[in-house]
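Residue strings, one per chain:
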Amino acid sequence: MDDGFNATFLTLDGYVELHKYRYLYFVSMCAVYILIICSNSTIIFLIWIHQNLHEPMYIFIAALLLNSVLYSTNIYPKLFIDFLSDQQIVSYSACLFQCFLYYSLNGAEFLLLAAMAYDRYVSICKPLQYPTIMRKTTVSIFLGLAWLVPACHITLPIALSANTKLCNFTLKGIFCNNSIYKLHCVSSRALSVYGVIVLLNVTIFPVIFICFTYTKIFIITYQSCGEVRKKAAQTCLPHLLVLINFSFLVTYDVTVVKLESDFPKTVHLIMTLQVILYHPLFNPIIYGLKMKEISIHIKRLFF
């Protein structure tokens, strides 16, 4: 490539023997993407059409599954293009946009889980006040903030990166994430500090809030009757499983980015694929099997 081309486009260098396994990659990932879209969309559709599922808890679940669909759609179509292309390249502006969506949707996941934790807390610990507190307006505000707050946080570093000079044009990955900052000629201390602030606001603080909320729920339900404990377990356990799974994968992603040079290329690819495979498939399985009302409607739909 000439210098003018390199100044605008990046090479994605995270694939292993793509020329040999391109059709295997394509068919496998295409099947996974279709499964992700169908499984998540099915539950969203069921929540949409059934009146008894038009409650805050199920609305938050639908939002979480929609977030998984958007998360996957941000990554998979570009993978399909790369699998069938002779060169795996992406424009720097498109790379920044993918990175923006990737981290915005990651942050939205944690904030949606925090909203769900608050909903469960009010439902179980303050049942008489639940209709007053969790009104449609409150749910709408929570949903709006869950997507808006991370997007606003991520906008600044992405905007600054757009005007930053690059000295390297090879990205060691299969999609755009924080690895793009390693392409900059000069690393910015200000961006690093701001990155920590973003991590705290959209990841660490929501996780602390969720843990605190569920701790209070379990303390209160432990002192209550068996029926209350059963209700708490049925509604809270799926949320906790999703939180643990997603937190693990986010930690995994950070590890991949920070230690990319310490991993063999094949190991790095496998780790990256796990980040984008497990979570979008895990959510509908957990909510489809563990949430009683949703499970009933799924059985009626398919059996």
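Residues numbered from 1 in each chain as written. Predicted model: local features only at pLDDT ≥ 70, side-chain atom pairs only at ≥ 80, totals over all residues. Heavy atoms only, no water.

Caption draft 1: Here's a closer look at the packing of helix H2 (residues 18-49) against helix H3 (residues 56-83). Two numbers describe how H2 lies on H3: the axes approach to 9 Å, and their chain directions differ by 160°. Between H2 and H3, the crossing angle belongs to the class labelled roughly antiparallel. For the pair H2 and H3, the crossing hand works out as left-handed. Partitioning the contact of H2 with H3 into residue classes produces 23 nonpolar, four polar and two charged. (Axes fitted to C-alpha atoms, helices over the stretch in contact; angles between N-to-C directions. Helix = DSSP H or I, 4+ residues; strand = E, 2+ residues; numbered from the N terminus. Parallel < 35°, antiparallel > 145°, perpendicular 65-115°, else oblique. Left-handed = near helix turned anticlockwise from the far one by under 90°. Nonpolar A, V, L, I, M, F, W, Y, C, P; charged D, E, K, R; others polar.)

Caption draft 2: Spotlight on the pattern of salt bridges. Scanning all chains against the criterion turns up four salt bridges. Taking the shortest distance from any N to any O, the salt bridge between Lys265 and Asp13 comes out at 3.2 Å. Residue Lys265 is located in helix H9 (residues 265-290), and its partner Asp13 is located in the loop between strand S1 (9-12) and H2; the two are separated by 252 residues in the primary sequence. Taking the relative accessible area as the measure of exposure, Asp13 reaches 35% and is therefore partly exposed. We note a salt bridge from Arg120 to Asp119, for which the minimum N-O separation is 2.8 Å. Judged by its relative accessible area of 4%, Arg120 is buried. (Salt bridge = Lys/Arg side-chain N within 4 Å of Asp/Glu carboxyl O. Buried < 20%, exposed > 50% of the residue type's maximum accessible area, 1.4 Å probe, protein only.)

Caption draft 3: The pairing of S1, seen in detail. Alternating residues of S1 divide into Leu10 and Leu12, all buried, and Phe9 and Thr11, none buried. Where S1 lies against strand S2 (residues 89-91), three bridges are found, and the strand directions are antiparallel. Looking at S2, one finds that Thr11 is bridged to Ile89. Relative to strand S3 (residues 170-171), S1 runs parallel, the two being bridged by two bridges. In the sheet register, Leu12 faces S3, and the bridge partner there is Leu171. (Pairing = 2+ DSSP bridges.)

Caption draft 4: Highlighting the nonpolar core. Judged by nonpolar contacts, the single largest core of 46 residues is most densely connected at Met29, Ile75, Tyr76, Leu79, Phe83, Ile174 and Ile276. Only S1, H2, H3, helix H4 (92-125), helix H6 (136-162), helix H7 (189-222), helix H8 (226-258) and H9 provide two or more residues apiece to this core. Here the element with the most residues in this core is H4; it accounts for eight residues. Beyond its immediate sequence surroundings of up to four residues, Phe83 is in contact with Tyr15, Leu18, Arg22, Tyr25, Phe26 and Met29. By size, the runner-up hydrophobic cluster in this structure holds 42 residues, among which are Leu112, Ile124, Met134 and Cys236. (Core = buried A, V, L, I, M, F, W, Y, C linked by side-chain atoms within 4.5 Å. Contact = heavy atoms within 4.5 Å.)

Caption draft 5: Examining unusual backbone geometry more closely. Its identity is not glycine, yet Glu17 carries a phi of approximately 45°, on the positive side. The residue Glu17 is located in the loop between S1 and H2 in this model.

Caption draft 6: Molecular detail of the sheet that holds S1. Strand order in the open sheet formed by three strands is S2-S1-S3, and the pairing between neighbours is mixed. In this open sheet, the two strands that pair with only one neighbour each are S2 and S3.

Caption draft 7: Looking closely at the packing of aromatic side chains. Going through the model one piece at a time under the given rule, you end up with 14 aromatic pairs. For the ring pair Tyr15 and Phe83, a centre distance of 5.8 Å and an interplane angle of 75° mean the geometry is edge-to-face. With Tyr15 in the loop between S1 and H2 and Phe83 in helix H3, this pair connects stretches of sequence that are 68 residues apart. The exposure class assigned to Phe83 is buried, which follows from its relative accessible area of 3%. Ring pairing ties together the aromatic residues Phe26, Tyr33, Tyr76 and Phe80, which thus form one cluster. (Phe/Tyr/Trp six-rings, centres within 6.5 Å; stacked < 30°, edge-to-face > 60°.)

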